[in-house]
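These are the residues of each chain, in order.
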Amino acid sequence: MPSPIQREMILSEEYFDVITPITGTSAAFEEVYQNFGAQVLFPGYGILHVRQQYAVPQLLNIIGYSNIPKLYGLMDTTALESSGILKVQMQPTLGYQGKGVLMGFLDTGIDFTHPAFLTSDGKSRIFRIWDQTVQTGNSPEGFFYGSEYTKEMLDDALSQEHPFNAVPTKDENGHGTFLAGTAAGSVIPEDNFSGAAPECEIIMVKLKPAKENLRDFFLIRESAIAYQETDIMFALRYLIQIARTYGKPLVICMGIGTNQGDHSGYMPLPDIINSSSRTNGLYFTGAAGNEAGKGHHFYGKLEDASGYSNVEVLVSEKERGFTMELWASPPDLFSIGMVSPLGEVVSPIAPRTGAATRISFLLEQTVIEVSYEPVEISSGGQLIFLRVKDPTPGIWSFQVYARQLSGGAFHIWLPITGFAEDSTMFLNSNPDTTLVCPSNSDGIITISTYNASNGSLFINSSRGYTRTGAVKPDLAAPGVEVYGPLSSSASSGRNAYGRKTGSSIAAALAAGGAALLVNWGLSRNPPRYFTNREIKSLMIRGASRSSNFLYPNREWGYGTLNIYQIFQSLL
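Residues numbered from 1 in each chain as written. Predicted model: local features only at pLDDT ≥ 70, side-chain atom pairs only at ≥ 80, totals over all residues. Heavy atoms only, no water.

Novice: Provide a residue-level description of the overall build of the chain, including the pertinent values.
Specialist: Scanning the chain from N- to C-terminus turns up 15 helices and 28 strands. Relative to the 2.2 N^0.38 estimate, which gives 25 Å for 571 residues, the radius of gyration of the chain is 23 Å and therefore close to what a compact globule would have. Taking the principal axes of its C-alpha atoms as reference, the chain extends roughly 70 × 60 × 45 Å. Of the roughly 21500 Å² of accessible surface on the chain, 50% is carried by carbon and sulfur atoms. (Helix = DSSP H or I, 4+ residues; strand = E, 2+ residues; numbered from the N terminus. Rg over C-alpha atoms; globule rule 2.2 N^0.38 Å. Areas by Shrake-Rupley, 256 points an atom, 1.4 Å probe, with all protein chains shown as cover.)

Printed below as a string of structure tokens:
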């Protein structure tokens, strides 16, 4: 049974959630820190809850950046044919549709009444739903919040006049419904619709909104949809637990992302994805993001230690606050100074570990907190973290100085689209290295976005490589004006369909394609369980490539998704 104290700590705004590495046994961790509601998030990581009044002052310097849960947003703004998926579904000697494969999502929920998730006799194709936002039902085994709904419960609800009275889980946003339908929706001939893998069984985790105390720390917009890293890690653990219990392969579609983190795959969430991806039967696809044209990334390189790089940020009149992160690799070490729009000058602040510098401007209401981590614990890189509260509108200049110079390169990121005002951006932004986390993780098959109708790259499709130069994205898939199911709670009618654009949709198509390959492996005699790396390699081998480009590249990775071409190349 769930612990009432732990449930309260997970849900209450009185507590700040903290990620912490586990060095001993899980049992010892939970016993030693039981007063902090200790629980294992994932092998190697735990969660603690600290009362907010003790956590907030000097939060970053006491807890450490990697231990603060990051905030993730949704990656949104003739696809099956161009991806070679339709041929694999329909070709008589192939005919794979994802049978025997579980498809996992951690998103906004799912409209379980939509025909896209029903069998021909009206039964549910959804294997499980864990709604983290509903506290009236039974929590999943080993978890302390939310409500779990089984296929049997969904079938029973569907037989009733008002199914949501029996199973009160809805998708008010519609993002999760659209992704699940794109990846694994049923074949509906009368609506000219089919998901990429229409015989998969679906598991949906509806993520609970991030706590207000974490939103306040990262200064994100009140209207922004945001989920915190701890709930996402719990969701992954749940999906993998279900797959292992029933002995089935699992494809996980990650349609969320953030600009927070080291952008090289060493934060807690990318770390557990990397470790999990090495287990046979677990596969991950992820959205590269929609950040290339948004002005949220700056790249600089200092050639001379006596000079500095001037970074200009245009701040919107509506902006109430934002964060900014500078990342660099050792042995380089940087410091930062600034000039406000009204001309107030702040000299370079010396890098100091374990202390935040708070700057109040004399002529303005702006307060800026600057924290240094010369050696950030997870990545080993340098982090300069800035919280800019009540900024004066206009152009802010940040001067980056070298305290120790080798390569001289550094990157700065503003929050993803939606977390800050749209017109808050770098004046001299760089569209490269705009992959969102966790898509920069090696364990994810990272998907950028293109328009299948004309073959062009989506203008905002995030570009590689990672901050440390690893090749990403892996592939591109259709994600512009894709046709899919709409949630009745988020649209004007029931059983509706529509078109949406975004990199999460491209990731969902790739997840469906991965499920077809897993299905192919299961159909062999004896059954073959591919590794995540094998599935990635098969997709790369079968990708379509243009003679106009060199591969891999920052925009298309190794080419465009073509599942049918994989079979052509192998058979």
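Novice: Explain the sheet that holds strand E13 (residues 297–301) residue by residue, including any values.
Specialist: The strand order across the open sheet built from six strands is E13-E22-E15-E20-E19-E18, with neighbouring strands paired in antiparallel fashion. Edge positions in the sheet fall to E13 and strand E18 (356–360), since each of these pairs with one other strand and no more. Looking at each pair of strands side by side, their axes are set apart by 15 degrees on average, direction ignored. Sheet topology places strand E15 (residues 321–328) next to strand E20 (residues 382–389); eight bridges connect them, and they run antiparallel. (Pairing = 2+ DSSP bridges. Axes fitted to C-alpha atoms, helices over the stretch in contact; angles between N-to-C directions.)

Novice: An account of the sheet that holds strand E1 (residues 15–21) is needed here, citing residue identities and associated values.
Specialist: Across the sheet, which stays open at both edges, the three strands sit in the order E1-E3-E2 with antiparallel pairing between neighbours. Only two strands of the sheet have a single partner each, and these edge strands are E1 and strand E2 (39–42). On average, each strand axis in the sheet is tilted by 40 degrees relative to the strand beside it, whichever way the strands run. Across three bridges, E2 lies against strand E3 (residues 45–51) in antiparallel orientation.

Novice: If you had to explain the pairing of strand E7 (residues 147–150) to someone new, which residues and values would you point to?
Specialist: A two-sided burial pattern is seen for E7, the buried positions comprising Ser-147 and Tyr-149 on one face and Glu-148 and Thr-150 on the other. Of the pairings in the sheet, the one linking strand E6 (residues 126–131) to E7 comprises four bridges and is antiparallel in character. Looking at the pairing, Asp-131 lines up with Ser-147 of E7. (Buried < 20%, exposed > 50% of the residue type's maximum accessible area, 1.4 Å probe, protein only.)

Novice: Break down the packing of helix H13 (residues 503–523) against helix H14 (residues 532–542) for me, citing the residues and quoting the values.
Specialist: It is at 11 Å that the axes of H13 and H14 come closest, and there the two elements cross at 110 degrees. Looking at the two axes, H13 sits roughly perpendicular to H14. Contacts between H13 and H14 involve Ala-510, Gly-513, Ala-514, Leu-517, Val-518 and Trp-520 from the first element and Ile-535, Leu-538 and Met-539 from the second. Its residues assigned to classes, the contact of H13 with H14 comprises eight nonpolar, one polar and no charged. (Parallel < 35°, antiparallel > 145°, perpendicular 65-115°, else oblique. Contact = heavy atoms within 4.5 Å. Nonpolar A, V, L, I, M, F, W, Y, C, P; charged D, E, K, R; others polar.)

Novice: Outline unusual backbone geometry, supporting the account with residue identities and numerical values.
Specialist: Between Cys-437 and Pro-438 the backbone carries a cis peptide bond, its omega angle lying at 10 degrees. Checked against the element boundaries, Pro-438 lands in the loop between strand E23 (425–426) and strand E24 (445–451). Residue Tyr-465 is bonded to the preceding Gly-464 through a cis peptide linkage, with omega at -5 degrees. Phi is positive for Leu-219, close to 55 degrees, though the residue is something other than glycine. Assignment of secondary structure puts Leu-219 in the loop between helix H10 (212–218) and strand E9 (227–228).

Novice: Quick one: what's the story with H13, residue by residue and with numbers?
Specialist: Counted at 1.5 Å a residue, the expected span for H13 with its 21 residues is 30 Å, and the 31 Å between its end C-alpha atoms agrees. For H13, the tally of buried residues reaches 20 of 21 residues, placing the bulk of the element in the interior. (Expected span 1.5 Å × (residues − 1).)

Novice: Give a description of the packing of aromatic side chains that names residues and reports values.
Specialist: Evaluated as defined, the whole model comprises 29 aromatic pairs. With centroids separated by 6.0 Å and ring planes inclined at 80 degrees, the aromatic side chains of Phe-143 and Tyr-238 adopt a geometry described as edge-to-face. In this pair, Phe-143 sits in the loop between E6 and E7 while Tyr-238 sits in helix H11 (residues 229–246), placing the two residues 95 residues apart along the sequence. Take Phe-143 and Tyr-238: they sit in the same class, and that class is buried. Between Trp-520 and Phe-567, the aromatic rings sit 5.0 Å apart at their centres with planes inclined by 70 degrees, giving edge-to-face as the arrangement. A residue pair is termed long-range when its members are at least 10 positions apart, and Trp-520 in helix H13 and Phe-567 in helix H15 (residues 563–570) qualify at 47 residues. Taken individually, Trp-520 and Phe-567 each receive the classification buried, so the pair is uniform in this respect. These aromatic residues form a ring-pair network of at least three members: Tyr-65, Phe-217, Phe-218, Trp-327 and Phe-385. Here Arg-128 stacks its cationic end above the ring of Phe-127, 4.9 Å away from the centre of that ring. Its end group placed over the ring of Phe-127, Lys-248 keeps NZ or CZ at 5.5 Å from the ring centre. (Phe/Tyr/Trp six-rings, centres within 6.5 Å; stacked < 30°, edge-to-face > 60°. Lys NZ or Arg CZ within 6 Å of the ring centre and 35° of its normal.)

Novice: Explain the nonpolar core to me, using residue names and the numbers behind them.
Specialist: Buried together is how nonpolar side chains tend to be arranged in soluble globular proteins. The biggest cluster of nonpolar side chains holds 85 residues, and the ones touching the most others in it are Met-103, Phe-105, Val-251, Leu-517, Ile-535 and Met-539. In this structure, Met-103 is in contact with Ala-183, Ala-184, Ala-197, Cys-200, Glu-201, Ile-202, Ile-203, Leu-250, Val-251, Ala-511, Gly-512 and Ala-515, ignoring residues within four places of it in sequence. Membership of the second largest hydrophobic core comes to 40 residues, among which are Leu-41, Trp-130, Phe-143 and Phe-284. (Core = buried A, V, L, I, M, F, W, Y, C linked by side-chain atoms within 4.5 Å.)

Novice: Describe the pattern of salt bridges, with residues and values.
Specialist: If you walk through the whole model with that rule in mind, you get 17 salt bridges. For Asp-442, the salt bridge goes to Arg-533, with nearest N and O atoms at 2.8 Å. Of this pair, Asp-442 sits in the loop between E23 and E24 while Arg-533 sits in helix H14, and the two are 91 residues apart along the sequence. A relative accessible area of 42% means that Asp-442 is categorised as partly exposed. Classification of Arg-533 by relative accessible area gives exposed; the value is 53%. Here Lys-472 makes a salt bridge to Asp-474, at a shortest N to O gap of 3.0 Å. Among the ionic contacts, a cluster of salt bridges with common partners joins Arg-221, Glu-421 and Asp-422. (Salt bridge = Lys/Arg side-chain N within 4 Å of Asp/Glu carboxyl O.)

Novice: Describe a negative patch on the surface, with residues and values.
Specialist: The grouping of Glu-8, Glu-13, Glu-14 and Asp-216 at the surface amounts to a negative patch. Tracing the sequence through the fold places Glu-14 in the loop between helix H1 (4–11) and E1. (Patch = residues over 30% accessible without salt bridge, like charges linked within 9 Å, V, L, I, M, F, W, Y side chains within 5 Å. Lys, Arg positive; Asp, Glu negative; His and termini not counted. Charge placed at Lys NZ, Arg CZ, Asp CG, Glu CD.)

Novice: A description of a nonpolar patch on the surface should follow, citing residues and the corresponding values.
Specialist: On the surface, Val-32, Tyr-33 and Phe-36 cluster together to form a nonpolar patch covering roughly 290 Å² of accessible area. Position of Val-32 relative to the elements: it lies in helix H2 (residues 26–32).

Novice: Any chance you could break down the side chain of Ser-276 for me, citing the residues and the numbers?
Specialist: Tracing the chain through its elements places Ser-276 in helix H12 (residues 268–277). On the basis of relative accessible area, Ser-276 is assigned to the buried category, the value being 6%. Of note is the side chain of Ser-276, whose polar atom sits 2.8 Å from the backbone oxygen of Ile-272. Ser-276 has contacts with Phe-42, Ile-240, Leu-282 and Phe-284, leaving out every residue within four places of it along the chain. (Polar contact = N/O pair within 3.5 Å; in protein donor to acceptor, adjacent residues only side chain to side chain.)

Novice: Tell me about H11, and name the residues and values.
Specialist: Here H11 is 18 residues long and its end C-alpha atoms lie 26 Å apart, about the 26 Å a rise of 1.5 Å per residue gives. With 14 of 18 residues buried, H11 is to be regarded as a mostly interior element. In the stretch just after H11, Gly-247 is the one whose phi turns positive, near 65 degrees.

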